[in-house]
Amino acid sequence: MTYALEAKGIVRRYGHVEALRGCNFNVKPGEVTALIGDNGAGKSTLVRILSGAEQPDEGEILIEGKAVHFNSPSDSRNFGIETVFQDLALCPHLNAVQNMYLGREVPRKGILGKLGFLDHEVMRQGSEDAFRDLGATVRSLTASTGSMSGGQRQSIAVARSAAWATKVLFFDEPTAALGVVQKKNVLNLVRRVRDKGIGIVFISHSMPEVLEISDRVQVMRRGLTIADYKTSETNLEELVGAMTGRLDEASK
Amino acid sequence: MSMFTNTNGDPKSDFGILAEEKESFLKRIPKTQTFQIVSVLFVITAIFSAIAPSTFFTLFNLRNIIINISVFAVLGVGMTFVIITAGIDLSVGSVLVFSSVIACKAIVAAGAKGWGTTFMGIFVAVAVATAWGALNGWLVSIAKVPAFIVTLGSLSAALGVSQIITGGIDLRGATPELVNKIGFGNVYKQIPVLGVIAVVVVILGGILLHKTKFGLLTYAVGSNTEACRRVGINVNRQLIYVYSLMGFTAGIGGIMSLAMYQQTTIAGQSNTALTVIAGVVIGGTSLFGGYGTIFGTMIGLFIPIVLQTGFIIIGVVPFWQNVVVGVFLVAAVYVDNARRNAADGGGKSLKKRSKKSTS
Ligand SMILES: Nc1ncnc2c1ncn2[C@@H]1O[C@H](COP(=O)(O)OP(=O)(O)OP(=O)(O)O)[C@@H](O)[C@H]1O
Ligand SMILES: [Mg+2]
């Protein structure tokens, strides 16, 4: 089976810090892959590289077996890869619709569109549909997102990425700011998007959540993926052991 | 309020956006800074006309006020865009002078008369100033020098180059067409051409900012630059465009001032940038980016002029205008800060959170 997305030997340095040291990683279509690891293991860095927000110093990225190069986030977006970043990436002064279509604004038809006028009605309808499709409600489509709660902002970020993804969807700690009900809804959303055949990468520090939602778990430690488990064949102790390094020997 | 429907709820019934929208719109108006600043202008006007009911509106020479404000209004359009991106341009006055000097040179070289020469001069002024703006934008976005420093450098350099070219002596070189038809001309009765030019620029600028993708991206870049990069917006290009637009308006200002004074104004523009920035900020545009309106800027520019006129009429030393404008400026930024802190944390807390979480 070819991977929807595969990373081979990714190296990323920040000055003297080697955040990724030849990291391998892969995502299969229609599968939820959990990516776990201690604080500073390199998860967010890997996500930024695989979504084109940063470039690796070394290593290779393949989409459906073909080598690709992401110069910018729009490159990865063009391949159908979307990301819910840990730090949300919404514009607080803009409203839900404007954020939903940020960088993908729909022009009006005809000459007005060429002059840069936008089709607000289409975008409003599209956003409404996207939020409804995900079973999400947003307090207001016209209020600035900066005036909303952390959880409401997160729901917009999640809905935006889920609506645009066609191949791979990264979630970097999507449930961190959410209440119990909202967490459950995000997990339902993850399942729904997965059932569309999209590969999902789910980063979380909550092991019960990881065991509940994922089909596979890849463990990162100090810039390397050191283990790859089928969720059905692993347990809490094994995962914690792998993350903290107690099972280094066993996993090799 | 829950943002996801719970699993057994009907998503549609929770989706009460439209009802909420209508209600909150009317409630929101009094809270906007634009509304507050319009009220301030209204109160000032009311006070002056109450103190001197017979003279205020009659002596209130609208034509002079419009001519005085027209150059500032044009520059205010560009400055509003720049400040919405969380930038600043201190160099507008110098770039204005530079564009008028080069235009003057070009006009003289072409014989200094005729509409052809006039339009050539206009084109040269606008092109030169736009190019300087683009340079500012390039330095801010790609070379990543803070806008304050870039434009402080431009403030000095553009004036210096103008002084080198002219030897420090103002050039007289406007065509008769430029002076008589544009500088002193009226479109209709007492309606000055310069005022009409300003109104056209302001309206087009307002449409560009509030109705087009270009405007939306300007807000977006000022609101969260990193978010824009991540969704694939070409942030650097947008910043270069915005600073070029600032230059473009400075070029129009340069040709307007040449038409008005019939000569360049090398020593006369040292306060221009501050006047314009004060107008933009008093008008409610946030120095921290992401928020502002062209309409607010226009009100912000009118307040000093109304004060000046009013003080003259009621016999207060007009220098008080400077003091009051200074107070207004600080108060406007204070109000903006208070508003940003009050708005549920708003953008500020989002930024704080993202800093913490880049572990
Ligand atoms: N922009 C940066 N500049 C310098 N160092 C960085 C930068 N981003 C990440 N790092 C470093 O790279 C390492 C990996 O960080 P990363 O954010 O990828 O960890 P993480 O696995 O996502 O952690 P967490 O679970 O806390 O989110 C850390 O040591 C971090 O300090
Ligand atoms: Mg992280």
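Residues numbered from 1 in each chain as written. Chains lettered and ligands numbered in written order. Predicted model: local features only at pLDDT ≥ 70, side-chain atom pairs only at ≥ 80, totals over all residues. Heavy atoms only, no water.

Regarding the overall build of chain A
No. 1: Of the regular secondary structure elements, chain A holds ten helices and ten strands.
No. 2: Relative to the compact-globule value of 18 Å for 252 residues, chain A shows a C-alpha radius of gyration of 19 Å, a close match.
No. 3: C-alpha atoms of chain A, sized along the principal axes, occupy 65 × 40 × 35 Å.
No. 4: Within chain A, the proportion of its 252 residues that are buried is 57%.
No. 5: Counted over contacts in chain A with a minimum sequence separation of 6, partners at least 24 positions apart contribute 64%. (Helix = DSSP H or I, 4+ residues; strand = E, 2+ residues; numbered from the N terminus. Rg over C-alpha atoms; globule rule 2.2 N^0.38 Å. Buried < 20%, exposed > 50% of the residue type's maximum accessible area, 1.4 Å probe, protein only. Contact = heavy atoms within 4.5 Å.)

Thoughts on the confidence of the model for chain A
No. 1: For chain A, mean pLDDT is 87; residues scoring 70 or higher make up 95% of the total.
No. 2: Mean pLDDT in chain A bottoms out at helix H10 (residues 248-251) of chain A, which sits at 51, and peaks at strand S3 (residues 32-36) of chain A, which reaches 94. (pLDDT = per-residue confidence, 0-100.)

Details of the state of the cysteines
Such a bond, covalent and formed between the sulfur atoms of two cysteines, is termed a disulfide.
No. 1: Going through the model one piece at a time under the given rule, you end up with zero disulfides over all chains.
No. 2: Free cysteine Cys91(A): the closest other cysteine sulfur is in Cys228(B), separated by 4.1 Å.
No. 3: When its relative accessible area of 0% is taken as the criterion, Cys228(B) is described as buried. (Disulfide = S-S within 2.5 Å.)

Thoughts on the pattern of salt bridges
All names here are of chain A.
No. 1: One pass over the structure, following the stated rule, counts 17 salt bridges over all chains.
No. 2: As a salt-bridge pair, arginine 12 and aspartate 57 come within 3.9 Å of each other at their nearest N and O atoms. Residue arginine 12 is found in strand S1 (residues 5-14), and its partner aspartate 57 is found in the loop between helix H1 (43-50) and strand S4 (58-63); the two are separated by 45 residues along the sequence.
No. 3: Taking the shortest distance from any N to any O, the salt bridge between arginine 216 and aspartate 228 comes out at 2.9 Å. Of the two residues, arginine 216 is situated in strand S9 (residues 216-221) and aspartate 228 in strand S10 (residues 224-230); the sequence distance between them amounts to twelve residues.
No. 4: Using a relative accessible area of 44% as the deciding quantity, one classes aspartate 228 as partly exposed.
No. 5: Each of the salt bridges in this network shares a partner with another, and the network as a whole consists of Arg12, Arg48, Glu54 and Asp57. (Salt bridge = Lys/Arg side-chain N within 4 Å of Asp/Glu carboxyl O.)

So, helix H9 (residues 176-183) of chain B
No. 1: Of the residues making up H9(B), those classed as buried are Glu177(B), Leu178(B), Val179(B), Ile182(B) and Gly183(B).
No. 2: Check the buried side of H9(B) and you find it contacts helix H6 (92-109), helix H7 (115-141), helix H10 (193-211) and helix H13 (235-261) of chain B.

Focus: the sheet that holds S10(A)
All names here are of chain A.
No. 1: Strand order across the open sheet formed by six strands is S6-S7-S8-S3-S9-S10, with mixed pairing between neighbours. The open sheet is flanked by strand S6 (81-84) and S10, the only strands paired with a single partner. Pairs of neighbouring strands in the sheet enclose a mean axial angle of 20°, with direction left out of account.
No. 2: The pairing of strand S7 (residues 168-172) with strand S8 (residues 199-203) spans five bridges and is classified as parallel. Across the sheet, valine 168 pairs through a bridge with glycine 199, a residue of S8. (Pairing = 2+ DSSP bridges. Axes fitted to C-alpha atoms, helices over the stretch in contact; angles between N-to-C directions.)

A look at the packing of H6(B) against H13(B)
Residues and elements named next belong to chain B.
No. 1: Remark: H6 packs on H13, axes separated minimally by 8 Å, with the N-to-C direction vectors making an angle of 55°. As judged from the angle between their axes, H6 and H13 are oblique. Considering only the axes of H6 and H13, their crossing is right-handed. Packed against H6, whose contacting residues are Val92, Val95, Leu96, Ser99, Ser100, Ala103, Cys104 and Ile107, the element H13 presents Met246, Ala250, Gly251, Gly253, Gly254, Ile255, Ser257 and Leu258 at the interface.
No. 2: In terms of residue class, the contact of H6 with H13 is made up of ten nonpolar, six polar and no charged. (Parallel < 35°, antiparallel > 145°, perpendicular 65-115°, else oblique. Left-handed = near helix turned anticlockwise from the far one by under 90°. Nonpolar A, V, L, I, M, F, W, Y, C, P; charged D, E, K, R; others polar.)

Some details on the sheet that holds strand S2 (residues 17-27) of chain A
All names here are of chain A.
No. 1: Taken in spatial order, the four strands make up an open sheet running S2-S1-S4-S5, and their pairing is antiparallel. Of all strands in the sheet, those bounded by a partner on one side alone are S2 and strand S5 (66-68). Strand-to-strand, the axes of this sheet are offset by a mean angle of 30°, without reference to chain direction.
No. 2: Pairing of S4 with S5, which is carried by three bridges, proceeds in the antiparallel orientation. Within S5, the residue paired with leucine 62 across the bridge is alanine 67.

Comments concerning the pairing of S4(A)
Residue and element names in this part refer to chain A.
No. 1: Relative to S4, S1 is paired through five bridges, and the arrangement is antiparallel. The residue of S4 that forms the bridge with glutamate 6 is leucine 62.
No. 2: Counting the residues that bridge the hairpin from S4 to S5 gives two residues, and of these glutamate 64 lies at a positive phi of roughly 45°.

Observations concerning the environment of Thr225(B)
Residues and elements named next belong to chain B.
No. 1: With respect to the helices and strands, the residue threonine 225 is situated in helix H12 (residues 225-230).
No. 2: For threonine 225, a relative accessible area of 31% translates into the label partly exposed.
No. 3: Residues threonine 225 and valine 333 lie 108 residues apart in sequence; the distance between their C-alpha atoms is 22 Å.

Remarks on a nonpolar patch on the surface
Residues and elements named next belong to chain B.
No. 1: On the surface, Val187, Tyr188, Ile191, Val196, Val199, Val200, Ile203, Leu204 and Ile207 cluster together into a nonpolar patch covering about 790 Å² of accessible area.
No. 2: When residues of the nonpolar patch are traced back to their parent elements, those giving at least two are strand S1 (186-188) and H10.
No. 3: Looking at which element gives the most residues to the nonpolar patch, the answer is H10, with six residues.
No. 4: Considering the arrangement of structural elements, one finds isoleucine 191 in strand S2 (residues 191-192). (Patch = residues over 30% accessible without salt bridge, like charges linked within 9 Å, V, L, I, M, F, W, Y side chains within 5 Å. Areas by Shrake-Rupley, 256 points an atom, 1.4 Å probe, with all protein chains shown as cover.)

Observations regarding unusual backbone geometry
Residues and elements named next belong to chain B.
No. 1: Look at alanine 86: it is not a glycine, yet its phi comes out positive at around 70°.
No. 2: Summarising the element assignment, alanine 86 is placed in the loop between helix H5 (62-84) and H6.
No. 3: Looking at alanine 86, the relative accessible area reads 41%, which means it is partly exposed.
No. 4: A positive phi is found at glutamine 262, a non-glycine position, where the angle reads about 65°.
No. 5: Along the chain, glutamine 262 falls in the loop between H13 and helix H14 (272-282).
No. 6: Of the residues examined, glutamine 262 reaches a relative accessible area of 28% and is grouped as partly exposed.

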